[in-house]
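Structural overview for review
These are the residues of each chain, in order.
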Amino acid sequence: MSLEELAHSRGWSDEIARLRHSICEIGKLCYAKGFIVGADGNISARTSDGTVLITPAGAMKGFLQPEQLAHVDMQGRVIDNGPRCSTETGIHLVSYRERPDVQAVLHCHPPHAVALTLAGIDMQIPVIPEIIVTIGGIPTAPFGTPGTDELPESIRAIVKCSDTVVMQNHGSVTLGSNLLDAFKKLDMLEHTAKILWLAHCVGTVKPLAPEEVAKLLDTRRKLGIRSVNTLENQCGVKKP
Ligand SMILES: [Zn+2]
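A quick note: this is a predicted structure, and the numbers were derived from the prediction, not measured. (Residues numbered from 1 in each chain as written. Predicted model: local features only at pLDDT ≥ 70, side-chain atom pairs only at ≥ 80, totals over all residues. Heavy atoms only, no water.)

All of the protein donors around the zinc ion are Glu88 (OE), His107 (NE2), His109 (NE2) and His170 (NE2); their distances to the metal are 2.0 to 2.5 Å. For the zinc ion, the four donor atoms in the first shell make angles of 85 to 152 degrees at the metal, a pattern classed as irregular. Positions of the donor residues of the zinc ion along the chain correspond to the pattern E-x18-H-x1-H-x60-H. Taken as a pair, His107 in strand 4 (residues 104-108) and His170 in the loop between strand 6 (164-167) and strand 7 (171-176) lie far apart in primary sequence, 63 residues in all. The same class applies to His107 and to His170, which are both buried. (Donors = N, O, S within 2.8 Å, 3.2 Å for Na, K, Ca; no water. Tetrahedral: all angles 85-135°; square planar, octahedral: opposite > 155°, others 65-115°. Helix = DSSP H or I, 4+ residues; strand = E, 2+ residues; numbered from the N terminus. Buried < 20%, exposed > 50% of the residue type's maximum accessible area, 1.4 Å probe, protein only.)

As a further point, take the pattern of salt bridges. Applying the stated criterion to the full structure yields 15 salt bridges. One salt bridge connects Arg20 with Asp80, and the closest N-O pair in it is separated by 3.9 Å. Placement of Arg20 in helix 2 (residues 14-32) and of Asp80 in the loop between strand 3 (70-72) and helix 3 (89-98) is noted, with a sequence separation of 60 residues between them. The exposure class assigned to Arg20 is buried, which follows from its relative accessible area of 2%. (Salt bridge = Lys/Arg side-chain N within 4 Å of Asp/Glu carboxyl O.)

It is worth spelling out the nonpolar core at this point. Core analysis: the biggest nonpolar cluster contains 25 residues, and Ile23, Ile26, Cys30, Leu106, Leu179, Phe183 and Leu186 have the highest contact counts within it. Contributions of two or more residues to this core are made by helix 1 (3-10), helix 2, strand 1 (42-46), strand 4 and helix 7 (179-202). Core analysis: the second largest hydrophobic core is formed by 23 residues, Ala141, Leu151, Ile158 and Leu175 among them. (Core = buried A, V, L, I, M, F, W, Y, C linked by side-chain atoms within 4.5 Å.)

Now for the state of the cysteines. Under the counting rule described, the total for this entry stands at one disulfide. Disulfide pairing is shown between Cys161 and Cys235; the S-S distance is 2.0 Å. Here the disulfide of Cys161 and Cys235 is right-handed, its torsion about the S-S bond being about 60 degrees. In this pair, Cys161 sits in the loop between helix 6 (150-159) and strand 6 while Cys235 sits in the segment after helix 8 (210-223), placing the two residues 74 residues apart along the sequence. Note on accessibility: Cys161 and Cys235 belong to one class, buried. Not engaged in a disulfide, the cysteine Cys85 finds its nearest cysteine sulfur in Cys24; these two sulfurs lie 16 Å apart. Cys85 gets classed as buried once you look at its relative accessible area, which sits at 13%. (Disulfide = S-S within 2.5 Å.)

Turning our eyes to something else, we now look at the sheet that holds strand 1. Taken in spatial order, the seven strands of this open sheet run 3-2-1-4-7-6-5, and their pairing is mixed. Single-partner strands in this sheet number two, and they are strand 3 and strand 5 (140-141). Across the sheet, helix 7 touches strand 1, strand 4, strand 6 and strand 7, and the angle it forms with strand 7 is around 140 degrees. (Pairing = 2+ DSSP bridges. Contact = heavy atoms within 4.5 Å. Axes fitted to C-alpha atoms, helices over the stretch in contact; angles between N-to-C directions.)

Given a rise of 1.5 Å per residue, 24 residues ought to cover 34 Å, and the 35 Å separating the end C-alpha atoms of helix 7 matches this to within 8%. The complete set of buried residues in helix 7 reads Leu179, Asp181, Ala182, Phe183, Lys185, Leu186, Met188, Leu189, Glu190, Thr192, Ala193 and Leu196. Structurally, the start of helix 7 carries an N-cap: the backbone nitrogen of Leu180 is 3.1 Å from a side-chain oxygen of Asn178. (Expected span 1.5 Å × (residues − 1). Polar contact = N/O pair within 3.5 Å; in protein donor to acceptor, adjacent residues only side chain to side chain.)

What follows concerns the pairing of strand 4. With five of its five residues buried, strand 4 lies for the most part within the structure. As judged from the four bridges shared by strand 1 and strand 4, these two strands associate in the antiparallel manner. By the bridge assignment, Ile43 is partnered in strand 4 with Leu106. Taken together, the five bridges between strand 4 and strand 7 define a ladder with antiparallel strand orientation. Residue Cys108 lies in a different strand from strand 7, and its bridge partner there is Ser172.

Within the secondary structure, Val133 sits in helix 5 (residues 129-133). On a C-alpha basis, the gap between Val133 and Lys222 in space is 11 Å, while along the polypeptide they are 89 residues apart.

Following this line, the structure appears as structure tokens:
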């Protein structure tokens, strides 16, 4: 059955059908890239009526079909007869509440980024020019127990001022203007973690000098990049 035929049979709008399909495609990518294993992670998108489509509890997110997604309101209540949503839905809802500009949220367990939190290595350190110019850095949220309100509360302060978060001993949260944008930031986050991992294996990691960081942020302004940047807004920056 084509997506159009499925949408027609289920009574979905074009927008709902497109978002359901895109969430499944992003799930395949996250699984293929090793950002999730087993039934890890959750992927969501906000619809134009303010509801949220999200991957269901307990499913393998790399093998989902569009009809298997949960459709919830901003309190996390299922609004159709579909599957129940993940216990980690609170991560997504707090992100949408704090950031009206955000339309997609990905929560994954990228191994290198999580490993750096175990080792106490801060991903806010300014080392990669591309990261400094775009997202700035990647703040770490304090540990929150999964399955409790601690988890969304642990990221609330950071998602207000950052599109990328690593959660202590747990995973990542990336926010985007659409699903691909949130995936791009997840990809950048884990790539940065791999570089930091490799560098720590062979030597001492030194941050770029403050004047170099200032020049890169000046380049960002000249390029007209207006996305959220944690070095510009001093989000999650640890005081020395
Ligand atoms: Zn998780």
